[in-house]
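Notes for the structure review
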Amino acid sequence: MSDQPSSLYGSEPEAPRPQAPGLVDQIVGVFTAPVELFQRLNKAPSWGWALGTLLVASLALVVIWGLKVDVDEMLRPMLERNPQIQSAQIDMVIEMQKKFILPFGVLGALFGTPAIMALVGLFYWLMGKALPEGEAPSYPQALSAAVVPGLVKLPHLLLVAVICLVRPIGGLTPDKIAPTSLGYFLHVESLRIQALLFALDVFYLAEAVLAYLALRYLVRMKTAGALICVLLPLVLSLGFRLLGAK
């Protein structure tokens, strides 16, 4: 006996499943119509192609930057300010870092990024179950919310990679190369304030806004929960930057 609902004209056909937006739709959507994109992803979560694209872009940047950066110029001032490191050890530390900076960067891009996305998705999922605005979200929905907003950083990753290719970058780290943050234009003596200025990057702020929209329209989380999910990682990231500015 059929379980399908019947009508005067026979069994009703099943409604077609919503189709997930493709990679191009996702890239275009985060810049032109994020709310519509996240509403579509709510019905058909998708994160694999977006994560793969971010991994490729990040890996390309890490390799290009790792081959161009002057490790001595980048590390020596920081090591000289560290009272726990003797002057005789500085050259040894720098030589060691020259050997490992590229392999560690590649490993971080390949494995660190997916691990962080998975943890952020888990955090979103738990918060979504605690503060839902309707039906509790699935983990694929939460993972999509963790990954897809990051596509807004693609122009920044490509810009930094191109700058690394076309001109010397000295000892600059990737966050200090492109003219997209206040730190690029404003220079102060305080290292912590300077680190804060570099953190105020237009693309990373855009990602935070998109993450909020994703939590509201994709995960369907209450406003308070969405704000917590966006602001808590942002504050922690800024805190680590300030602590690391030595």
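Residues numbered from 1 in each chain as written. Predicted model: local features only at pLDDT ≥ 70, side-chain atom pairs only at ≥ 80, totals over all residues. Heavy atoms only, no water.

On to the overall build of the protein, then. Assigned secondary structure in the protein consists of eleven helices and two strands. With respect to the three principal axes, the spread of C-alpha positions in the protein is 90 × 35 × 30 Å. For the protein, with 246 residues in total, the buried portion stands at 35%. The long-range share in the protein, meaning contacts at least 24 apart out of those at least 6 apart in sequence, stands at 65%. For the protein, the exposed surface amounts to about 14,400 Å²; the carbon and sulfur share of it is 67%. Considering the protein, the positive charge centre built from 18 side chains and the negative charge centre built from 17 side chains are found 4 Å apart. (Helix = DSSP H or I, 4+ residues; strand = E, 2+ residues; numbered from the N terminus. Buried < 20%, exposed > 50% of the residue type's maximum accessible area, 1.4 Å probe, protein only. Contact = heavy atoms within 4.5 Å. Areas by Shrake-Rupley, 256 points an atom, 1.4 Å probe, with all protein chains shown as cover. Lys, Arg positive; Asp, Glu negative; His and termini not counted. Charge placed at Lys NZ, Arg CZ, Asp CG, Glu CD.)

Their axes nearest at 9 Å, the elements helix 10 (residues 202-217) and helix 11 (residues 223-244) cross at an angle of 145 degrees. Like other packed secondary-structure pairs, helix 10 and helix 11 cross with a definite hand, here right-handed. Where helix 10 abuts helix 11, its residues Ala208, Ala211, Tyr212, Leu215 and Arg216 lie against Thr223, Ala226, Leu227, Cys229 and Val230. Among the residues making up the contact of helix 10 with helix 11, the classes are represented as eight nonpolar, one polar and one charged. (Axes fitted to C-alpha atoms, helices over the stretch in contact; angles between N-to-C directions. Left-handed = near helix turned anticlockwise from the far one by under 90°. Nonpolar A, V, L, I, M, F, W, Y, C, P; charged D, E, K, R; others polar.)

Under the counting rule described, the total for this entry stands at four aromatic pairs. Centre to centre, the rings of Trp125 and Tyr139 are 6.4 Å apart; their planes meet at 90 degrees, and the pair counts as edge-to-face. With Trp125 in helix 5 (residues 87-130) and Tyr139 in helix 6 (residues 139-147), the pair connects residues that are 14 residues apart, well separated along the chain. For Trp125, a relative accessible area of 25% gives the class partly exposed. (Phe/Tyr/Trp six-rings, centres within 6.5 Å; stacked < 30°, edge-to-face > 60°.)

Time to look at helix 5. Its 44 residues give helix 5 an end-to-end C-alpha distance of only 52 Å, which falls more than 12% under 64 Å, the value for a rise of 1.5 Å per residue. Within helix 5, the axis deviates most sharply at Phe100, by approximately 40 degrees, and proline Pro103 lies no more than four positions further along. Within helix 5 the residues assigned to the buried category are Ile90, Ile94, Ile101, Ala109, Met117, Gly121, Tyr124, Met127 and Gly128. Check the buried side of helix 5 and you find it contacts helix 3 (48-68), helix 4 (71-80), helix 6, helix 10 and helix 11. (Expected span 1.5 Å × (residues − 1). Bend = angle between axes of the 7 residues up to and from the residue.)

With that settled, consider the pattern of salt bridges. Within this structure, the stated rule accounts for six salt bridges. Because the salt bridges share partners, they merge into one network encompassing Asp72, Arg76 and Asp91. (Salt bridge = Lys/Arg side-chain N within 4 Å of Asp/Glu carboxyl O.)

Turning next to a nonpolar patch on the surface. A cluster of nonpolar side chains, contributed by Met92, Met96, Phe100, Phe104, Leu107, Leu110 and Phe111, occupies part of the molecular surface with about 730 Å² of accessible area. Mapped onto the fold, Met92 is located in helix 5. (Patch = residues over 30% accessible without salt bridge, like charges linked within 9 Å, V, L, I, M, F, W, Y side chains within 5 Å.)

This paragraph deals with helix 10. Here helix 10 spans 22 Å end to end across 16 residues, near enough to the 22 Å set by a 1.5 Å rise per residue. Within helix 10, burial applies to Phe203, Glu207, Ala208, Leu210, Ala211, Leu213, Ala214, Leu215 and Arg216. In this structure, the buried side of helix 10 is in contact with helix 1 (23-32), helix 2 (34-43), helix 5, helix 6, helix 7 (154-166) and helix 11.

In this section: the confidence of the model for the protein. Interpretation of this model should avoid reading the predicted coordinates in detail wherever pLDDT is low. Taken residue by residue, the protein gives an average pLDDT of 90. The fraction at 70 or more is 93%. Element-level mean pLDDT values for the protein span from 48 in strand 1 (residues 6-7) up to 97 in helix 6. Counting contacts from residues 1-8, a segment whose pLDDT is below 50, to residues more than four positions away or on other chains yields eight contacts. (pLDDT = per-residue confidence, 0-100.)

This part takes up the nonpolar core. In this structure, Phe38, Trp65, Tyr124, Val148 and Leu215 are the most contacted members of the largest nonpolar core, which totals 52 residues. When contributions to this core are tallied by element, the ones reaching two or more residues are helix 2, helix 3, helix 4, helix 5, helix 6, helix 7, helix 10 and helix 11. No other element matches the eight residues that helix 3 contributes to this core. (Core = buried A, V, L, I, M, F, W, Y, C linked by side-chain atoms within 4.5 Å.)

What follows deals with the packing of helix 5 against helix 6. The contact between helix 5 and helix 6 brings their axes to 8 Å, and the two run at 125 degrees. Our classification of the angle between helix 5 and helix 6 gives oblique. Crossing of helix 5 over helix 6 shows right-handed handedness. In this structure, helix 5 uses Met117, Ala118, Val120, Gly121, Leu122, Tyr124 and Trp125 to contact helix 6, whose residues at the interface are Tyr139, Ala142, Leu143, Ala145, Ala146 and Val147. Within the contact of helix 5 with helix 6, the residues separate by chemical class into twelve nonpolar, one polar and no charged. (Parallel < 35°, antiparallel > 145°, perpendicular 65-115°, else oblique.)

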